[in-house]
Each structure stands twice: as C-alpha cells, then as structure tokens.
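Report on the structure
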Amino acid sequence: MKLKALALKEARDIFSNRIYMLLILVQVIIILGAYGLAIVSSVAADPQLIERWGGSGFLKVGVVDGDGLLTEGLEREGLSVREFSDIESARKSLGSEVVAILYLSGGDVRIEADTSSVFYTIMSERLQGAASWYISQKRFRESGLPSVTIQALEEPVKLKVVPIRREDYRPLALESSYFVEIMYGFILPFVVFLPFFLGSNMVTDSVVGEKERKTFEVLLMVPLSETMIILGKIIPSLVFSFIQSMLWLGLLVLLRVPVYNMPLLALLLLITGLAFTGVGLFISILADSTKEANSAITVVLFFATFILFVPLFMDMGALTPLIRFIPSLIIVKMSSGPHLDPVIIYDMVPSTVFSVLIFLAAVVSFRREGVIRL
C-alpha cells in the first residue's frame, strides 16, 4: 500500500507538471504533422495519386506544331496540353503558363523545362514516358505492322494479381508504396518511441529533483526498502510513457494506418521502456543538478535515436546481421502485416535481455552509489 501511495504521488506530480502536459499536445501535433507530410509527399511522388487528388491541373505542358501522336502520349500520362504555333511564343509561356515545352527536331523529341518549378520533379518522369511512348508508336506505325501485332508488342505479358487472404485486408489511408514506406519504415516506430524518450527525462527530473531539494529524508521516513522507493518513483513514468505510446498507435489506426499484432507490439514496447527507464536512472546517479541531467539525457537520446533509426535507412556493412535485433526494425515487421514470422519472437530475445539488464544494473548501481542513504 505504501508503494502504491508513493507511485500515486509521483503520478500526481507528472500530471500537475504543465510542461509534461504540454508535451503531450506537442506529440499529437508531431504525429498529425508527420502524417500530413507523408500524405502530401506520397501524392506528389505518385503520378496516379496527384491526378486523383486534382493536382494534375498544375502539370501543364506546351507542344509546338503538335503532332497528334505526341499529344496523345502526353495526355496518356495525365498531362494538360496546350498547343503553340511557334517555338518563340512557347518559350515566352515557359515558367508562367506551362512547366515544359516539347517539339520535334530531326526525328527526336526535344524538351525544354522550367526546372525551378516544384512540379517539374513530379512531371519529369511523365515527360520521359510520353516521349518514349511516342517514339515507339511512331516506329511501329512506320513499319507497317498490323494493329494486332502492335498491341501484342506493347503488352507482351499481362500481369494478373490473384488476391488471397482478403479477409485480413484493412483499408489504408493512401494506396501508395511511398506512403507505406515512410509510415511503417519511420513514422510509426518514431511515434511509439517518442513517449519513452520523454519518460526517461521524467525519471531524471524526479530523482535529481529530490537530490537538489534534499527531500529524500522524507521518503526514508516511509517504511519501504530502497528498491521499493526507486520502483515507486520510476513506475509512474514507465506506465505513463507506455499508455501514451499505445494511444498514439490507436490514433494511427483511426487515421487508417493499420497496426497489426498489437499485443506482442505492446509487450515489446514495455520491455524497451525498461531500457529507457534504466538509462534515466544511470544519469540520475551521475548528475548533481537538473540542468546537468537534462544535458546528459539529451546526448544519450541522440545516440539512442541513431541506433534505433539510422539502420532503417543505411547499409551498416559488417553490422548488418545485428540490425534484425534492433527494436525499431522488429516493430516495423510486427506492425506491417497480420501474419507474424515466428523468427521475430527469437529476434526479440536480445532486446529483452539487454533492456532487463540495463534496468536491473541501474537499480543496483543506484543503491550502491548511496543516493538514498539511511
């Protein structure tokens, strides 16, 4: 009961701290902002999506002495075409009315583009596709091949996808490979670890704050062991961070970002939270002031961010075999599909052992350093 009373006291301190409450709002803003950025960047990177969302009106190109076949190729790519009678008038409109102009020169398709326009990066692939289609169609028609043969050459193989396990499908906010990559490859693991970054800071603030105010004597009046006192101070921060992490996962689900294997994912997050809490305890041992503790936790979290997220994007060379044991990569594998590979359970073992050892070592070191003295 006394441990419960101490934990409730620490929980009240957390909820009464306006900075912590403000940081919750900041996290929501970060999540919504990252989600919105993923949507916008996915639409911009996908020609089909930008056309569906009404952005193709900005993708205007000019054609000089337009060849009907070339115009057809551009329209097939979803580009708005404007006809010009001469190259001079087309160049005057370049950048203001059209993003690029196309004209024929010696049998080749020439493209002049306003590369300063943000829309050029979107439409460059479309322009190349339209030009390639025009050249191939022109060659086919000049060869005198029958239309049936031309159609067979255009589509030598027809791809037919046969869906299976359709009952496990959950609608995604945006059917885009780029959206899937950025959401599951970075934003989702970042979102679930963000509260634990804050939680480790809470631990250092709580413990070092007690050291600064010289109020440990009040705690020692309670008939609890040193270990119980430590647990009473850190459990609220761990639980608070864990609840936030699960809420953010729920928010992503509401935003139509399916998160699979939630129970096992929650277990991994709770285990990883022990490591963050242990790091906070270690720093509270070394730091003599809140300012010093905050500086130290910032440095540690920087390296933690590097370890957790950089391997998701970079080739780590000789360290590549170890990447499979990183919690962030395991989270990506767990959350992105309903069918779990049993190997992932074994991949969790090193992270589990590492987190528990850090936590236990921090508790033991805390006691041996004599931060709490009878």
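Residues numbered from 1 in each chain as written. Predicted model: local features only at pLDDT ≥ 70, side-chain atom pairs only at ≥ 80, totals over all residues. Heavy atoms only, no water.

**Some points on the packing of helix 8 (residues 177-213) against helix 12 (residues 290-309)**
Formally: Each axis is a line fitted through C-alpha atoms, and for a helix only the stretch in contact is used; angles between axes span 0 to 180 degrees, taken between their N-to-C directions. Put simply, DSSP H or I for four residues or longer makes a helix, DSSP E for two residues or longer makes a strand, and each gets a number counted from the N terminus. Here the angle decides the label: under 35 degrees means roughly parallel, over 145 means roughly antiparallel, 65 to 115 means roughly perpendicular, and every other value means oblique. Take the far helix as your reference; a near helix turned counterclockwise from it by less than a right angle gives a left-handed crossing, and one turned clockwise gives a right-handed crossing. Throughout, a contact is declared for two residues whenever any of their heavy atoms are within 4.5 Å. Three classes are used, and their members are as follows: Ala, Val, Leu, Ile, Met, Phe, Trp, Tyr, Cys and Pro are nonpolar, Asp, Glu, Lys and Arg are charged, and the others, Gly among them, are polar.
Contact geometry for helix 8 and helix 12: axes closest at 10 Å, N-to-C directions at 160°. Between helix 8 and helix 12, the interaxial angle falls into the category roughly antiparallel. For the crossing formed where helix 8 meets helix 12, the hand is right-handed. Contacts between helix 8 and helix 12 involve Phe186, Pro189, Phe190, Phe193, Phe197, Ser200, Asn201, Thr204, Asp205, Val208, Gly209 and Glu212 from the former and Thr290, Ala293, Asn294, Ile297, Leu301, Thr305, Leu308 and Phe309 from the latter. The residue inventory of the contact of helix 8 with helix 12, partitioned by class, reads 11 nonpolar, 7 polar and 2 charged.

**Things to note about the sheet that holds strand 4 (residues 108-113)**
Spelled out, the test is: Strand pairing is assigned whenever DSSP detects at least two bridges linking the two strands.
The sheet built from 4 strands is open, its strands ordered 2-1-3-4 with mixed pairing. This sheet does not close on itself; its edge strands, each paired only once, are strand 2 (80-84) and strand 4. Averaged over all pairs of adjacent strands, the angle between their axes in this sheet comes to 25°, without regard to strand direction. Judged from the 3 bridges that link them, strand 1 (residues 60-64) and strand 3 (residues 100-105) form a sheet pairing that is parallel. Following the sheet pairing, glycine 62 is matched in strand 3 by isoleucine 101.

**Points about the pattern of salt bridges**
Under the convention used in this document: Whenever Lys or Arg places a side-chain nitrogen within 4 Å of a carboxyl oxygen from Asp or Glu, that contact is recorded as a salt bridge.
This model, assessed by the stated rule, comprises 2 salt bridges. For glutamate 112, the salt bridge identified is with arginine 91, shortest N-O distance 2.7 Å. Note that glutamate 112 is positioned in strand 4 and arginine 91 in helix 5 (residues 87-93), a separation of 21 residues in sequence. Note that arginine 324 and aspartate 347 form a salt bridge whose closest N and O atoms lie 2.6 Å from each other. One end of the pair, arginine 324, is in the loop between helix 13 (320-323) and helix 14 (327-335); the other, aspartate 347, is in helix 15 (residues 343-368), with 23 residues separating them in the sequence.

**Remarks on the pairing of strand 3**
By the bridge criterion, 6 bridges tie strand 3 to strand 4 in an arrangement that is antiparallel. Bridge pairing links serine 105 to aspartate 108 in strand 4.

**Regarding the packing of helix 11 (residues 262-286) against helix 15**
Direction vectors running N to C along helix 11 and helix 15 enclose 30°, while the axes themselves pass 8 Å from each other. Considered as vectors, helix 11 and helix 15 are oriented roughly parallel to each other. Every pair of crossing elements has a handedness; the one defined by helix 11 and helix 15 is left-handed. Considering only residue class, the contact of helix 11 with helix 15 consists of 18 nonpolar, 8 polar and no charged.

**With respect to a nonpolar patch on the surface**
Quick note on the threshold: A residue counts toward a patch only above 30% relative accessible area and without a salt bridge, and it is joined to like-charged neighbours within 9 Å or, for Val, Leu, Ile, Met, Phe, Trp and Tyr, to nonpolar neighbours within 5 Å. Only the protein chains shown count as cover for residues, with accessible areas throughout obtained via the Shrake-Rupley method and a probe of 1.4 Å. For the exposure calls, accessible area comes from a 1.4 Å probe over protein chains only, and a residue counts as buried if that area is under 20% of its type's maximum, exposed if over 50%, partly exposed in between.
Residues Leu22, Leu25, Val26, Ile29 and Ile30 make up a contiguous nonpolar surface patch of roughly 430 Å² in combined accessible area. Owing to a relative accessible area of 49%, leucine 25 belongs among the partly exposed residues under this scheme.

**Section: the nonpolar core**
One recurring pattern in soluble globular proteins is that nonpolar side chains are buried together. Defined as follows: In plain words, nonpolar cores are sets of buried Ala, Val, Leu, Ile, Met, Phe, Trp, Tyr and Cys residues tied together by side-chain atoms within 4.5 Å.
Of all hydrophobic cores here, the largest spans 59 residues; its most connected members are Phe179, Met183, Phe193, Leu281 and Ile331. Looking at this core element by element, the count peaks at 13 residues for helix 8. Every residue in contact with leucine 281, bar those within four places of it in the chain, is listed here: Val203, Val207, Ile230, Ile234, Ala362, Val363 and Phe366. Among the nonpolar cores identified, the runner-up in size contains 17 residues, and Ala100, Leu102, Val109 and Met123 belong to it.

**As for the UniProt feature "transmembrane region" (unreviewed entry) in the protein**
Put simply, the rule reads: UniProt positions are given in the numbering used here, feature names are shortened, and annotations may be inferred rather than shown by experiment.
Summarizing the sequence annotation, UniProt attributes the feature "transmembrane region" (unreviewed entry) to residues 20-45, 178-198, 263-287, 299-323 and 343-366 in the numbering used throughout. Span residues 178-198 is 100% helix and 0% strand, its end C-alpha atoms 29 Å apart. Between the C-alpha atoms that bound residues 343-366 there is a distance of 36 Å. The span itself is 100% helix and 0% strand.

**Focus on helix 14**
Buried residues dominate helix 14, accounting for 8 of its 9 residues. Considered for burial, the residues of helix 14 that qualify are Pro327, Ser328, Leu329, Ile330, Ile331, Val332, Met334 and Ser335. Those residues of helix 14 hidden inside the fold are in contact with helix 8, helix 11, helix 12, helix 13 and helix 15.

**A word on the pairing of strand 1**
In terms of residue burial, strand 1 counts as a mostly covered element, since 4 of its 5 residues are buried. Alignment of strand 1 against strand 2, held across 5 bridges, turns out to be parallel. Following the sheet pairing, glycine 62 is matched in strand 2 by arginine 82.

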